[in-house]
Amino acid sequence: MLWVEDLNHAIKYHEQAEHNPFSKRSAYIGTFPLMAHLVEQIQDGYGMFQDLQCRELKNMLLDLEPWGRDDGRVLLSNFYRPYMQGIHEYFLERPAYLRSLGSLDETDPQRPSVIVPNFLYGRSFCVGTDSGIQSFCCIDQCNVLMEALEQNITHPVASPG
């Protein structure tokens, strides 16, 4: 991956200030602390990349919402339409799978819809979940908002306003 190589060169460049520039040492990245730093940088970079993909998918899904509907649900027929029209290769999940994710709203059997947050924040959009060590999932924007509220309120109960 080209961006990993760029990251490696950037770390080497920043580390040159800490070493004698006249020494024969050319591979600064060989030490454990530098390797650990490189791995952290790769994780952070990949996490940002994964978040960009998630935001792109979210925007694609919300563009499928019917005009005037802003409840985060997309009609199942609209969900499949871009794939059926050959626009892109996303959103192929079968109704049974969407149901198992808790992403299929069938309260109106004539108009089943996909619940966008349940679809995006499910484990299906996490990368690296098999290892159990590190996984990259879509960032739940509701959690970010709740954390900000909790930090500002700092009490178990608060009145509105």
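Refer to the preceding data block for the structure.
Structural notes, computed from the coordinates. This is a predicted model, so every value here is computed, not measured.

Observations concerning helix α3 (residues 76-84)
Those residues of α3 that sit buried are Leu76, Asn78, Phe79 and Pro82. Backbone geometry just downstream of α3 places Gly86 in the positive-phi region, at approximately 75°.

Looking at the pattern of salt bridges
Within this structure, the stated rule accounts for three salt bridges. In this structure, Arg73 engages Asp105 in a salt bridge whose closest nitrogen and oxygen atoms are separated by 2.8 Å. With Arg73 in strand β1 (residues 73-75) and Asp105 in strand β2 (residues 104-105), this pair connects stretches of sequence that are 32 residues apart. When the shortest N-O distance is used, the salt bridge between Arg99 and Glu106 registers 2.9 Å. With a relative accessible area of 40%, Glu106 lands in the partly exposed category.

A look at the side chain of Asp105
In this structure Asp105 comes out as buried when scored by relative accessible area, which is 14%. Ignoring any residue separated from it by four or fewer positions in sequence, one finds Asp105 in contact with Arg73, Arg111, Pro112, Ser113 and Ile115.

Quick notes on the sheet that holds β2
Within a sheet, adjacent strands bond to each other through the backbone by hydrogen bonds, running parallel or antiparallel. Strand order in the open sheet made by the three strands is β1-β3-β2, with antiparallel pairing throughout. This sheet does not close on itself; its edge strands, each paired only once, are β1 and β2. With two bridges joining them, β2 and strand β3 (residues 113-115) adopt antiparallel strand pairing. Pairing of Asp105 across the sheet is with Ser113, part of β3. Running over the sheet, α3 touches β1, β2 and β3 and is turned about 70° from β1.

As for the layout of surface pockets
Taken as a whole, the largest pocket encloses approximately 160 Å³ of empty space. The wall of the largest pocket is formed by Gln50, Gln53, Cys54, Glu56, Leu57, Tyr90, Ser124, Phe125 and Cys126. Of the residues contributing to the lining of the largest pocket, the split by class is five nonpolar, three polar and one charged.

With respect to empty space enclosed by the protein
For the structure on display, the rule yields one cavity of 30 Å³ or more. In this structure, the largest cavity encloses a volume near 50 Å³. What lines the largest cavity is Asp51, Cys54, Arg55, Lys58, Leu120, Tyr121, Cys138, Ile139 and Gln141. The greatest single-element share of the lining of the largest cavity, amounting to four residues, is contributed by helix α2 (residues 32-63). Looking at side-chain class alone, the lining of the largest cavity contains five nonpolar, one polar and three charged residues.

Conventions adopted
- Residues numbered from 1 in each chain as written.
- Predicted model: local features only at pLDDT ≥ 70, side-chain atom pairs only at ≥ 80, totals over all residues.
- Heavy atoms only, no water.
- Buried < 20%, exposed > 50% of the residue type's maximum accessible area, 1.4 Å probe, protein only.
- Helix = DSSP H or I, 4+ residues; strand = E, 2+ residues; numbered from the N terminus.
- Salt bridge = Lys/Arg side-chain N within 4 Å of Asp/Glu carboxyl O.
- Contact = heavy atoms within 4.5 Å.
- Pairing = 2+ DSSP bridges.
- Axes fitted to C-alpha atoms, helices over the stretch in contact; angles between N-to-C directions.
- 1 Å grid on protein atoms, 1.4 Å probe; cavity = no way out; pocket = protein on both sides within 12 Å on 5 of 7 lines; lining within 4 Å.
- Points joined across faces, edges and corners; volume = space filled by probe spheres on them.
- Nonpolar A, V, L, I, M, F, W, Y, C, P; charged D, E, K, R; others polar.

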